[in-house]
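Residue-level structure breakdown
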Amino acid sequence: MTIEPSLRNPVDVALKDAAARTGVDASRLRVVLAESVTWPDGSVGCPEPGMAYSQALVDGYRIRIVAGDATLEYHGSRRGQPFLCPAARIRRPSSMGPAR
C-alpha cells in the first residue's frame, strides 16, 4: 500500500504502538488503511461515553493495522499523535480528505 507523505509519521507511530501492544514484530504488521479524513467533531471518531466534544469539523486521519488475528484502528487530528480507538467506539468520518 502506498502511504501519502503527510501520513508517514503518524503511520510509523501507530506501527510502533501496535507492535508494543500485540507483541507482533513490526515487520509482520500490515497497514491496510491510511487515509486523510474529516472528523465530524472533536472526538476524532472515537468518542468516550459521557464526554463533550467541540462540534466543529476536524481534519485528521485514520490508520488500520493488522497484527496476526487482531485489527487495530488508530485515529488522530492533523495536530495530534495517533491513538488506538477501541472497536466499540469507532465512528465513521464525515468525509475522506481534509475539509477545504
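Higher on the page you've got the structure.
The rules behind these values
Residues numbered from 1 in each chain as written. Predicted model: local features only at pLDDT ≥ 70, side-chain atom pairs only at ≥ 80, totals over all residues. Heavy atoms only, no water. Salt bridge = Lys/Arg side-chain N within 4 Å of Asp/Glu carboxyl O. Helix = DSSP H or I, 4+ residues; strand = E, 2+ residues; numbered from the N terminus. Buried < 20%, exposed > 50% of the residue type's maximum accessible area, 1.4 Å probe, protein only.

1. Focus: the pattern of salt bridges
Throughout the structure, instances matching the rule amount to four salt bridges. A salt bridge links D17 to R21, with the nearest nitrogen and oxygen atoms 2.5 Å apart. Taken together, the residues span about one helical turn, with D17 and R21 both in helix α1 (residues 8-22) at a distance of four residues. A residue is classified by how much of its surface remains accessible, and D17, at 27% relative accessible area, is partly exposed. With a relative accessible area of 51%, R21 lands in the exposed category. Close ionic contact of R62 with E35 constitutes a salt bridge, the shortest N to O distance being 2.5 Å. Residue R62 is located in strand β2 (residues 58-67), and its partner E35 is located in strand β1 (residues 30-39); the two are separated by 27 residues in the primary sequence. For E35, a relative accessible area of 16% gives the class buried.

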